[in-house]
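Coordinate analysis (summary)
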Amino acid sequence: MTIVYAKVDREMCIACGLCQMLAPTLFSYDADGIASYQPDSNTGSVPLDAAQQVAFKIAYRRCPTHAITRSDQPFSADQG
Ligand code: SF4
């Protein structure tokens with residue numbers, strides 16, 4: 001199984017609400033509706049739970065602005 005780290009590029013997010021609808025345990029929103037990756041407070045430092053991989057993949061593919069990013073390694077602190 002591939003290890004996946006994820007992070008929302010908040011500057012690309014248009015607050016459409018889709019990712020939270022598709023994967024409610026993975027994405028949350030601030031007061032302006034801009035999404036963040038919930039499991040690690042959008043730091044990209046904690047691997048995606050295997051049980052959430054399908055939901056993540058759907059949200060990742062359907063984000064209209066491709067604001068959801070993924071990597072097989074942890075994101076560094078200055079990314080996104
Ligand atoms: S689907 Fe993409 S654009 Fe829409 S709220 Fe989520 S991250 Fe933002």
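Residues numbered from 1 in each chain as written. Predicted model: local features only at pLDDT ≥ 70, side-chain atom pairs only at ≥ 80, totals over all residues. Heavy atoms only, no water.

In the annotation of an unreviewed UniProt entry, the entry for the protein chain reads Ferredoxin, and the organism field reads Lacticaseibacillus mingshuiensis. Within the UniProt record for the protein chain, the comment given under Function (unreviewed entry) is "Ferredoxins are iron-sulfur proteins that transfer electrons in a wide variety of metabolic reactions." Here the protein chain is described in UniProt, under the heading Cofactor (unreviewed entry), as follows: "[4Fe-4S] cluster". (UniProt positions renumbered as here; feature names shortened; annotations may be inferred.)

As a further point, take the overall build of the protein chain. Across its full length, the protein chain holds two helices and four strands. Moving toward the C terminus, one meets the helices and strands of the protein chain in the order β-α-β-β-α-β. Relative to the 2.2 N^0.38 estimate, which gives 12 Å for 80 residues, the radius of gyration of the protein chain is 11 Å and therefore close to what a compact globule would have. The C-alpha extent of the protein chain, read off along each of the three principal axes, is 30 × 25 × 20 Å. Sorting the 80 residues of the protein chain into buried and exposed places 32% on the buried side. Of all intrachain contacts in the protein chain linking residues separated by at least 6 positions in sequence, the fraction that spans at least 24 positions is 64%. (Helix = DSSP H or I, 4+ residues; strand = E, 2+ residues; numbered from the N terminus. Rg over C-alpha atoms; globule rule 2.2 N^0.38 Å. Buried < 20%, exposed > 50% of the residue type's maximum accessible area, 1.4 Å probe, protein only. Contact = heavy atoms within 4.5 Å.)

All right, on to the environment of R62 then. Note that R62 resides in helix α2 (residues 53-62). Taking the C-alpha atoms as reference points, R62 and Y5, separated by 57 residues in sequence, lie 18 Å from one another. Excluding residues that lie within four positions of it along the chain, R62 makes contacts with L18 and L22.

V8, L26, F27, Y37, F56 and I68 are the most contacted members of the largest nonpolar core, which totals 17 residues. Sorting the residues of this core by element identifies β1 (5-8), β3 (35-37) and α2 as the ones contributing at least two each. If we skip the residues at most four places from it in the chain, F27 touches V8, C19, Q20, S36, Y37, Q38, F56, A59 and I68. (Core = buried A, V, L, I, M, F, W, Y, C linked by side-chain atoms within 4.5 Å.)

Moving on, we get to the site of the ligand. The ligand sits among 14 residues. The nearest are C13, C16, G17, C19 and C63. Tallied by class, residues from the shell around the ligand come to 12 nonpolar, two polar and no charged. (Near = heavy atom within 4 Å. Nonpolar A, V, L, I, M, F, W, Y, C, P; charged D, E, K, R; others polar.)

Turning our eyes to something else, we now look at the packing of aromatic side chains. In this structure the tally under the stated criterion is four aromatic pairs. Ring geometry for F27 and Y37: centres 5.9 Å apart, planes at 65 degrees, overall edge-to-face. Taken together, the positions of F27 in strand β2 (residues 27-29) and Y37 in strand β3 put the pair 10 residues apart, joining distant regions of the chain. Relative to Y60, the ring of F56 has its centre 5.7 Å away and its plane inclined at 25 degrees; by these criteria the two rings are stacked. Of this pair, F56 and Y60 both sit in helix α2, four residues apart, which is roughly one turn of the helix. (Phe/Tyr/Trp six-rings, centres within 6.5 Å; stacked < 30°, edge-to-face > 60°.)

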